[in-house]
Structures are given as C-alpha cells and as structure tokens.
Amino acid sequence: RFLTSKEQFHAFLRAGGQPGSQVSPGAEEDVEEKKEENVEEKEENCQSEPPTKRVRLEELSEDGESPGDAGAAEKEPVERKRARGQNKSRPCMKPNHYEQSRLCPSVTQGCAEKCCFGVRCRFLHDVGEYMATKPADLGRSCVLFETFGKCVYGVTCRFAQAHLGDGYQNIINAELAKQWEGKSLVRNNLSKDLQHQLRKRKFSFKKADEYLRGLAKPHGSGGKGGKTTGCSAEEQGVSGCTAPPEGLGDSLECPALAEQGENPKPEALQRSSPAGGEEASSIKTVGPVTDEDVVKLRSCEKKQLKIQGKLYLAPLTTCGNLPFRRICKRFGADVTCGEMAVCTNLLQGQSSEWALLKRHHTEDIFGVQLEGAFPDTMTKCAELLNQTIEVDFVDINVGCPIDLVYKKGGGCALMTRSNKFEQIVRGMNSVLDVPLTVKIRTGVQEKINVAHKLIPRLREWGASMVTLHGRSREQRYTRSADWDYIAECAKIATPMPLFGNGDILSYEDAHRAMQTGVSGVMIARQVSVGALIKPWLFTEIKDQRHWDISSSERFDILKDFSNYGLEHWGSDTQGVEKTRKFLLEWLSFLCRYIPVGLLEHLPQKINERPPYYMGRDYMETLMASQNVDDWIKI
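What counts, and at which threshold
- Residue numbers run consecutively from 1 along every chain, following the written order of its sequence.
- Totals for whole chains, interfaces and linings use every residue, but because this is a predicted model, local features are given only for residues with pLDDT of at least 70 and side-chain atom pairs only at 80 or more, for both listing and counting.
- Values shown for side chains rest on all heavy atoms present in the structure; no hydrogens or waters enter the calculation.
- UniProt positions are given in the numbering used here, feature names are shortened, and annotations may be inferred rather than shown by experiment.
- Note on conventions: DSSP H or I runs of at least 4 residues are helices, E runs of at least 2 residues are strands, and numbering of each starts at the N terminus.
- Note on definitions: a residue-residue contact is assigned when non-hydrogen atoms from the two residues lie within 4.5 Å.
- In the sections that follow, a salt bridge refers to a side-chain nitrogen of Lys or Arg positioned within 4 Å of a carboxyl oxygen of Asp or Glu.
- Any residue under 20% of the maximum accessible area for its type is buried, any over 50% is exposed, and the rest in between are partly exposed; the area is computed with a 1.4 Å probe on protein chains only.
- Two strands pair under a simple rule: DSSP has to find at least two bridges between them.
- Looking down the strands as they point away from the viewer, one classifies a crossover as right-handed if the path from the first strand across the helix to the second runs clockwise.
- What makes a nonpolar core is a set of buried Ala, Val, Leu, Ile, Met, Phe, Trp, Tyr and Cys residues whose side-chain atoms join them at distances within 4.5 Å.
- Segmentation of the chain into domains, including their bounds, is taken from an automatic or database domain assignment.
- Here the expected length of a helix is defined as 1.5 Å per residue gap, with one fewer gap than residues.
- Confidence scores here are pLDDT values: one per residue, from the predictor, ranging 0 to 100.
- Helix axes are fitted only over the stretch in contact, all axes being lines through C-alpha atoms; the angle between N-to-C directions runs from 0 to 180 degrees.
- Left-handed describes a crossing whose near helix is turned anticlockwise from the far helix by less than a right angle; the clockwise case is right-handed.
- In the scheme used here, Gly and all other residues not listed as nonpolar or charged are polar, with Ala, Val, Leu, Ile, Met, Phe, Trp, Tyr, Cys and Pro taken as nonpolar and Asp, Glu, Lys and Arg as charged.

The protein goes by tRNA-dihydrouridine(47) synthase [NAD(P)(+)] in an unreviewed UniProt entry, where it is assigned to Cuculus canorus. For the protein, the Cofactor (unreviewed entry) comment in UniProt is given as "FMN". For the record of the protein, the UniProt heading Sequence similarities (unreviewed entry) holds the text "Belongs to the dus family. Dus3 subfamily."

What follows is the structure, encoded as structure tokens:
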C-alpha cells in the first residue's frame with residue numbers, strides 16, 4: 001500500500017505533505033503539462049549547460065533516439081561523444097563570497113594589535129564594518145557556547161546572537177568553560193613546529209633510514225634485480241632484496257644475491273649501530289653491543305591488537321570523517337579507523353591530509369590507514385606517525401580500486417608487486433610500536449583470486465591482522481561479496497585474525513558472516529552502504545533485532561551530525577559550509593534506506609533498489625527522495 005508513482009511521489013513532496021496532496025486523476029494532466037514545460041525549459045536552457053552535457057542533449061531527439069538513427073541510411077553516421085567522467089567544465093561551486101569581507105583572525109581572538117601582517121593584512125579589522133556585511137545568523141543557539149561555555153569564533157559565528165553582548169563582546173560561561181579547561185577533546189593535531197620540520201625536511205627518520213640502507217646492495221647497483229624496477233626518486237639504488245626477519249640472523253639468505261655469490265647480509269646488519277650519536281665503530285663485534293639492540297621490541301613483545309569479535313567501522317573516504325565516526329561510535333561501533341591518508345602528503349606536512357588522522361576522545365580503539373606504493377615513503381611515514389600521534393594500529397590500504405591510486409602502484413596494485421609489498425610490510429613493522437594491519441581484496445582480476453596466496457606471506461612478514469574485502473578490483477562495488485572464498489582464507493590465516501568485509505546491511509548478514517570462521521566483520525561501503533545507509537546497524541547487530549527507526553529519530557541523528565560538524569569544522573561561515581557539504585554527501589547514501597515497517601520481507605538486501613514509495617509521514621517520504629533539492633530541504 002506504500003507503492004506509488006514518480007509523479008505522485010514528487011507531487012506529495014511539492015505540496016509539503018499536506019493532506020489530500022496525493023495526485024488525483026485530474027491532476028495527472030497538470031503533471032504531464034508541467035513535464036512538457038520542463039522539457040521546453042531544458043531545450044531553452046540547453047546553451048547554459050556545460051559543453052559535455054550539451055553535446056549529449058543536442059544529439060538526443062524527443063523519442064530518445066539520435067537524429068542520425070531517424071534519418072535515411074545515406075546519411076553518414078555522426079560520431080557521438082560519450083559524456084562520461086568528471087565534468088570539469090562545470091561552474092565553480094566553492095562559496096567564496098565571504099572572502100571579500102572576512103574578519104582578521106587576530107580580531108576574533110581578541111589580539112588585533114598583534115596581527116602579524118600589519119598594514120599588509122587583506123582582512124577587515126573593523127568589527128562594525130564586518131557586521132554590516134555579515135550574512136544573517138542561522139539560529140538563536142550556538143552548540144559550541146552551550147557545550148563548552150565559550151565560542152572561539154566570536155562575532156564570526158553564524159549563531160553569534162547566542163553569545164554576543166554589548167559592543168560585540170563575546171560572552172563566556174565561566175563555570176561551564178572551567179569544566180573543559182585543559183581537556184583535549186581531539187588528538188593527533190599537526191603542530192606548526194612539526195609542519196615546519198617536515199617542509200624543511202629536518203625530521204629525523206633514524207629507524208627508517210637504517211632499514212632502507214639494509215635493502216641496498218653492498219656492492220653497487222649491478223646484478224639482476226629486474227623485478228623491482230619502477231622505484232621512486234628517494235628509492236634509487238634499492239634492490240629487490242628484502243631485509244631478513246628479526247631473529248633469523250645469518251640463517252636467511254637472499255636469493256637475488258646468492259645467485260651472484262655475494263654476501264647476502266645487508267650492510268646495515270653487518271655493522272653495529274652508532275651509540276650516542278657517534279659514528280659506528282670499525283671494530284668487528286659479535287652480539288648486541290648497544291642499548292638500542294637490547295631494548296628494541298621483538299614482535300611478540302609489541303602491543304597486541306585484540307579486537308576479535310568486535311564491530312569494525314571501515315575507513316570510508318570522504319564520508320568517514322570524525323563527526324560521522326562519533327555517530328557510529330554512539331550506536332555501538334567498537335573499532336574506528338580514519339580515512340585513507342596518502343603517505344607522501346603526510347610527509348610534506350599538508351594540513352588537509354593530517355586532518356584525516358584526528359582522533360576524538362570517545363574513540364577508544366582507533367587506527368589510521370595509509371596508502372603508498374614504495375618502501376621508502378611508507379616506512380618513513382610509519383616512523384613519523386609512530387613518534388607524533390596516538391593510534392592503536394596502522395593499516396595499509398591494499399584494496400583501493402580507483403585508477404588514480406592503482407596506476408601509481410598503490411592500492412590493489414601492490415597485490416601484484418610482491419617484492420615492493422613485502423618491503424613495505426617489513427619496513428613499516430620494523431619502525432612501528434603498534435600492530436600493523438593490511439586490508440586487501442580477493443585479487444585484481446575478477447576470476448583470478450590471489451588473496452589466499454598472500455595471506456600466509458603477510459603473516460610471515462609481520463602483519464598482525466588482515467581484512468579481506470570479498471570482491472576483486474574489476475568488480476569494484478558491484479555484484480555480491482564472495483563469502484565462501486573469505487571462509488577459505490580465514491582457515492588459511494589461522495592463527496592470525498582475519499576480518500571479513502562485504503554486503504553487511506543487517507544483523508542476519510553479520511551473523512551469517514561470523515559463521516564462516518572470520519574473527520570479526522568490517523562494516524563499510526559496498527554496492528550500497530552498510531554504515532552509511534544505516535549507522536544504527538551496529539546497534540541492530542549487538543541487539544540481534546531489526547530496528548524500525550522512525551523518521552523523527554533519523555532526523556535527530558542528522559541534527560547530532562550537524563552539531564558534531566560545527567564542533568569539528570567550526571561555526572563560522574566556512575565551518576557551516578563544510579558541515580553542509582559533508583551532510584549532503586551523507587544524505588546521498590541515507591536516502592537508500594528502506595524503513596523496516598514498509599518492507600514486504602526482511603531484511604533489506606544491499607543490492608536491492610526499491611520502486612517509488614510513500615513513507616508513513618512527510619519526513620520519511622522526504623528522506624526517501626533521491627533529489628538533491630530535497631536533501632537541501634532536510
């Protein structure tokens with residue numbers, strides 16, 4: 001009884017959900033007339049469309065066929081340009097109107113006389129002039145002021161009327177502010193001093209440099225080593241030979257050097273490490289002679305990652321931001337992970353990349369995910385994070401299928417570059433004091449699985465856990481995940497934990513997945529999305545029930561996300577715009593959820609796409625719309 005037509009669905013939303021707003025038979029003619037008017041408007045506005053889209057519109061006739069098909073055979077076929085990919089000709093949507101009359105941060109912080117730019121500052125210093133051009137406030141209550149007793153954005157806050165006194169003075173609730181004094185809510189921030197060291201390349205990578213020297217050949221760059229071509233600029237001279245695992249000493253020989261009759265022991269292992277910053281002694285010694293050798297942690301002494309049976313929120317690019325992770329944490333996610341960060345950008349000290357590593361104080365088990373293609377950058381990045389941020393584990397992304405990453409040798413490409421893959425895992429494991437995990441796919445090609453071959457080697461190389469996504473790179477997020485293959489790999493991985501990933505949208509899916517023998521399940525983005533479609537999925541799994549969540553409860557979740565976003569990105573215009581951006585991105589996934597009370601059979605399948613349906617109230621119907629204008633209403 002909830003099924004409806006497209007026309008009725010949109011007419012109901014246009015009428016604002018008023019009673020009797022269902023489309024009557026007589027009104028269907030008006031809908032058809034409006035559709036014709038819209039078609040005419042599109043034809044008139046065709047010239048305003050971006051070039052790639054305009055080509056497509058001009059070629060399609062009213063009956064959906066190209067003009068060339070309707071003509072006689074004597075006409076030469078017109079070469080059609082396929083409109084695909086990113087539309088780079090679209091107009092810039094970045095809101096930059098507020099940049100023209102922006103208040104100087106020194107004024108906001110109450111130290112206008114200390115503006116470091118002086119007379120050259122291009123921002124406003126007159127609060128009255130700024131307030132005359134400032135956009136209207138969005139509400140009467142400021143979440144920062146109500147939560148922390150103080151809004152650091154002062155007059156620039158878009159909810160400033162809640163905490164501005166006479167003369168635009170920022171009011172402070174001293175009693176509430178004192179409760180939060182000295183508490184660090186968000187950790188893993190990039191300090192200016194560290195950023196300066198990275199940009200000037202003054203940060204010390206002692207352990208990473210030692211490992212990379214061990215990879216280099218002792219006698220020049222001659223020899224075979226042809227399988228390890230394609231090194232990065234920092235990696236020139238690094239051979240395909242890998243450093244022997246700790247504890248094996250001289251018993252492990254390198255095949256690449258053994259063929260040439262050379263000494264297989266890496267140069268860095270043949271000499272003692274320098275003590276107290278002095279140069280290494282030329283006297284040959286046997287056994288450990290420095291504190292570093294004695295104190296260095298063995299693999300069995302490292303902190304163990306005990307998350308078997310826990311619910312793991314996967315790193316989700318763009319949508320897996322800190323406010324979203326707080327939502328999932330509140331609904332029962334046990335383990336969270338930051339968005340994929342590119343190691344080269346982290347080494348350059350890019351603020352936007354370091355923002356992906358931020359950790360909220362409620363995230364008790366938190367990790368970061370790194371992407372890279374070469375041992376030098378990945379090992380150095382691992383050592384950098386090991387010294388500067390607080391994490392419980394570091395994950396290597398070997399599952400990213402996008403071309404931008406794959407063509408550079410990262411993501412899924414590492415599954416086919418076993419030498420580089422081994423050097424990366426061994427190198428990162430040697431410099432980290434926390435467990436190292438790896439996320440992989442079944443393989444690169446659709447019908448050629450290679451994960452079962454890699455998993456035993458990953459265990460040997462030092463990985464503490466592997467997460468297997470049950471699809472290949474060619475499949476991307478299409479088709480169903482192969483849980484039979486995941487079950488086989490789980491047996492091979494023993495005793496190393498293996499988490500399964502793919503098509504988890506209900507507690508029944510999670511229970512079925514756990515029966516395959518995996519150590520746990522990762523809730524991530526699939527054809528549709530598990531956590532992004534329904535973040536309360538974690539609660540359903542723990543309570544073993546289907547939650548028929550109401551539209552008002554779902555709307556409260558969006559309110560909480562907005563408040564978390566204003567806390568994280570700021571309550572000024574830039575912070576509001578960024579919160580809106582990520583909220584709209586999330587709404588593009590949330591609209592795929594079908595309320596439990598409307599389903600003919602449970603549970604909802606992750607590959608199913610429902611017909612148009614009416615919700616049990618206006619808000620539920622509005623949330624089911626896939627029209628961006630309706631998302632903006634929300």
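J.: What am I meant to see in the overall build of the protein here?
T.: A tally of regular secondary structure across the protein gives 27 helices and 10 strands. A sequence separation of at least 24 residues applies to 69% of the contacts in the protein between residues at least 6 apart.

J.: Help me understand the pattern of salt bridges in this model?
T.: Close approach of charged atoms allows side chains of opposite charge to pair. What the rule picks out here adds up to 17 salt bridges. Put simply, Arg 330 and Asp 560 hold a salt bridge, and the shortest N to O gap is 2.5 Å. Of this pair, Arg 330 sits in helix 14 (residues 322-330) while Asp 560 sits in helix 24 (residues 551-569), and the two are 230 residues apart along the sequence. With a closest N to O distance of 3.0 Å, Arg 616 and Glu 620 form a salt bridge. With a relative accessible area of 2%, Glu 620 lands in the buried category.

J.: Got a minute to help me understand the pairing of strand 7 (residues 436-441) in this structure?
T.: The side chains of a regular strand alternate, residue by residue, between the two faces of the sheet. In terms of burial, strand 7 is largely enclosed, as 6 of its 6 residues are buried. Judged by which residues are buried, strand 7 turns out to be covered on both faces: Leu 436, Val 438 and Ile 440 on one side and Thr 437, Lys 439 and Arg 441 on the other are all buried. When strand 6 (residues 393-398) meets strand 7, the two strands line up parallel, connected through 5 bridges. In the sheet register, Ile 396 faces strand 7, and the bridge partner there is Val 438. As paired elements, strand 7 and strand 8 (residues 465-469) share 5 bridges and run parallel to each other. Each bridged residue has a counterpart across the sheet, and for Val 438 the counterpart in strand 8 is Val 466.

J.: Looking at this model, I keep getting lost on the pairing of strand 6. Mind explaining?
T.: Most of strand 6 is tucked away, with 6 of its 6 residues classed as buried. Alternating residues of strand 6 divide into Phe 393, Asp 395 and Asn 397 and Val 394, Ile 396 and Val 398, and every residue in both groups is buried. The pairing of strand 5 (residues 366-371) with strand 6 spans 4 bridges and is classified as parallel. What sits directly across from Gln 369, in strand 6, is Asp 395. What joins strand 5 to strand 6 is helix 17 (residues 375-388), and the crossover it makes is right-handed.

J.: Would you take a moment to explain the nonpolar core for this structure?
T.: In summary, soluble globular proteins display a tendency toward joint burial of nonpolar side chains. Counting residues in each nonpolar core, the largest one holds 97 residues, and the members touching the most others are Met 428, Leu 498 and Trp 586. For this core, the domains that each give at least three residues are domain 2 (187-212 + 303-547) and domain 3 (550-633). If we skip the residues at most four places from it in the chain, Trp 586 touches Phe 324, Ile 327, Leu 532, Pro 535, Ile 557, Leu 558 and Phe 561. The next biggest cluster of nonpolar side chains, apart from the first, holds 21 residues, and it includes Leu 144, Phe 145, Phe 148 and Leu 566.

J.: When you look at helix 24 in this model, what are you seeing that I'm missing?
T.: An α-helix turns once per 3.6 residues; consequently, residues spaced three or four apart project the same way. Helix length check: helix 24 (19 residues) gives 26 Å between terminal C-alpha atoms against 27 Å at 1.5 Å per residue, within 8%. Among the residues of helix 24, Ser 551, Arg 554, Ile 557, Leu 558, Phe 561, Tyr 564, Gly 565, Leu 566 and Trp 569 are the ones counted as buried. Structurally, helix 24 contributes buried residues whose contacts are with helix 7 (143-148), helix 14, helix 25 (573-590) and helix 26 (618-623).

J.: Just to check I follow, could you spell out the environment of Leu 356 for this structure?
T.: Checked against the element boundaries, Leu 356 lands in the loop between helix 16 (351-354) and strand 4 (359-360). Through-space distance from the C-alpha of Leu 356 to that of Ala 341 is 6.6 Å; in sequence the pair is 15 residues apart. Apart from the residues lying within four places of it in its own chain, the contact partners of Leu 356 are Gly 338, Glu 339, Met 340 and Ala 341.

J.: Is there a simple way to think about the confidence of the model for the protein in this case?
T.: If pLDDT is low for a region, its predicted coordinates should not be looked at in detail. Looking at the protein as a whole, the pLDDT averages 79, with 72% of positions reaching at least 70. Segment residues 39-57: pLDDT under 50, and 16 contacts once partners within four positions in sequence are set aside and those in other chains are kept. Within the model, the stretch residues 60-74 combines pLDDT values under 50 with 9 contacts to residues more than four positions away or in other chains.

J.: Quick question: what am I supposed to make of the packing of helix 10 (residues 206-215) against helix 19 (residues 418-431) here?
T.: The packing of two helices is summarised by the inter-axis angle and the distance between the axes. The contact between helix 10 and helix 19 brings their axes to 9 Å, and the two run at 145 degrees. In this structure, helix 10 meets helix 19 at a crossing whose hand is right-handed. Taking contact as the criterion, the partners of Lys 207, Ala 208, Tyr 211 and Leu 215 in helix 10 are, on helix 19, Gln 423, Arg 426, Gly 427, Ser 430 and Val 431. The residue makeup of the contact of helix 10 with helix 19, split by class, is 4 nonpolar, 3 polar and 2 charged.

J.: Where do I start with unusual backbone geometry in this structure?
T.: Trans peptide bonds make up the majority, and among non-glycine residues the majority have a negative phi. The omega angle of the peptide bond from Thr 494 to Pro 495 is 10 degrees, so this bond is cis rather than trans. Mapped onto the elements of the fold, Pro 495 is located in the loop between helix 21 (483-493) and strand 9 (498-501). Of the consecutive residues Leu 602 and Pro 603, the connecting peptide bond is found in the cis state with omega at -5 degrees. Structurally, Pro 603 can be placed in the loop between helix 25 and helix 26. One non-glycine residue with positive phi stands out, namely Tyr 168, at about 60 degrees. By secondary structure assignment, the location of Tyr 168 is in the loop between helix 7 and helix 8 (174-180). Phi angles above zero are rare outside glycine, and Asn 188 is one such case at about 70 degrees. Within the element layout of this structure, Asn 188 appears in the loop between strand 1 (186-187) and helix 9 (192-199).

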